Amino acid sequence: MSVPMLEFRQVDLFYGAIQALHQVSLQVQVGETVSLIGANGAGKSSLLMSIFSQPQVTSGQILYQGRDITGLQAHQVATLGIAQVPEGRRIFPDMSVEENLLMGSLVIGDTYVDEDRQRMFELFPRLRERRNQRAMTLSGGEQQMLAIARALMSRPCLLLLDEPSLGLAPLVVKQIFHTLRELAADGMTLFLVEQNASHALRLSHRGYVMVNGRISLMGTGEELLTNPQVRMAYLGGH
Ligand code: ATP
């Protein structure tokens, strides 16, 4: 078996006396798309953010390409080739689309900026049309596209996405997932946290279900989509 792109080994995480993660173990293989689904407050965001030590895990290990990155600072993790699209997008509101993209490339310097910017405009033609527009004036869907494009500007090996569909209209969600599918087909490794289980699992090779800070189920996207428990709890029972 090859070395996983990302691995959690028996991770516990506490906020004071509250335990948010319990003995979490999971793997994301190179080139795989993996989703983590679960209800509000299950611990999904905590898990994702713990990769950047925000918050830091209490015990256990996080490995990236076989290297122990537990406790590394966010900027150190970014330079290793992990990029994230945070929940709520957190683009720079006063900067233009182009300036936001430039910020994304800072981690790797400016060698590929022009080439990568062109690629982002091909991936998201809407951003090309709005390249000089201030980010705060973009629609929610456009802001999500920008957040993804900005993350990709750092040429990551692993892209993390926290609730990419949150608050977006169904048609826009479809577009975003279509783009993620294209990225995956290009070989990008994706790990996403989603409440929109249906879209996430259809995109994913594998998925994990988190309940109260514990991994309760794992399987292929197909297996989880057809699992009665998952259907009842996360797919509206359809
Ligand atoms: P959501 O989809 O609502 O963001 P989630 O699955 O991402 O939910 P987390 O945000 O990771 O869940 O929260 C997991 C648990 O940890 C919750 O019980 C939450 O209240 C708690 N928690 C999260 N952040 C903090 C914090 N900074 N301080 C204390 N408790 C926290």
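Everything numeric here is computed off the predicted structure, so don't read it as measured data.

A. Highlighting the overall build of the protein chain. Of the regular secondary structure elements, the protein chain holds ten helices and ten strands. What you see for the protein chain is a C-alpha radius of gyration of 17 Å, in line with the 18 Å of a compact globule of 238 residues. Structurally, the protein chain occupies a C-alpha span of about 45 × 40 × 35 Å along its principal axes. Looking at the protein chain residue by residue over its 238 residues, the buried ones come to 51%. For the protein chain, long-range pairs separated by at least 24 residues make up 66% of all intrachain contacts whose partners lie at least 6 apart in sequence.

B. Quick look at the nonpolar core. Counting residues in hydrophobic clusters, the biggest one holds 43 residues, and the most contacted among them are I148, L159 and L180. By residue number, the principal contributor to this core is helix α6 (residues 140-152), which donates seven residues. If we ignore the near neighbours within four places in the chain, the residues touching L159 are A83, V85, A151, L152, L183, M188, T189, L190 and F191. Counting 30 residues, the second-largest nonpolar core is a separate cluster that includes V11, L72, L160 and M210.

C. The environment of V3, seen in detail. On the secondary structure map, V3 appears in the segment before β1 (6-15). As for V3 and L192, which are separated by 189 residues in sequence, their C-alpha atoms are 20 Å apart. Setting aside anything within four residues of it in sequence, one finds V3 in contact with Q29, V30, Q65 and G66.

D. Seen up close, the site of the ligand. Around the ligand sit 13 residues, and of these N40, G41, K44, S45 and S46 come closest. Taking N40, its side chain carries an N or O atom lying 2.5 Å from an oxygen atom of the ligand. Taken by itself the ligand offers 630 Å² of open surface, and the protein chains cover 61% of this. Top contributing element to the shell around the ligand by residue count: helix α1 (residues 44-50), with three residues. Per-class residue counts for the shell around the ligand are four nonpolar, six polar and three charged.

E. Molecular detail of the packing of aromatic side chains. Taken as a whole, this structure holds zero aromatic pairs when the rule is applied. For the cation-ring pair, R155 lies above Y112, with the distance from its terminal atom to the ring centre recorded as 3.7 Å.

What counts and what doesn't
- Residues numbered from 1 in each chain as written.
- Predicted model: local features only at pLDDT ≥ 70, side-chain atom pairs only at ≥ 80, totals over all residues.
- Heavy atoms only, no water.
- Helix = DSSP H or I, 4+ residues; strand = E, 2+ residues; numbered from the N terminus.
- Rg over C-alpha atoms; globule rule 2.2 N^0.38 Å.
- Buried < 20%, exposed > 50% of the residue type's maximum accessible area, 1.4 Å probe, protein only.
- Contact = heavy atoms within 4.5 Å.
- Core = buried A, V, L, I, M, F, W, Y, C linked by side-chain atoms within 4.5 Å.
- Near = heavy atom within 4 Å.
- Polar contact = N/O pair within 3.5 Å; in protein donor to acceptor, adjacent residues only side chain to side chain.
- Areas by Shrake-Rupley, 256 points an atom, 1.4 Å probe, with all protein chains shown as cover.
- Nonpolar A, V, L, I, M, F, W, Y, C, P; charged D, E, K, R; others polar.
- Phe/Tyr/Trp six-rings, centres within 6.5 Å; stacked < 30°, edge-to-face > 60°.
- Lys NZ or Arg CZ within 6 Å of the ring centre and 35° of its normal.

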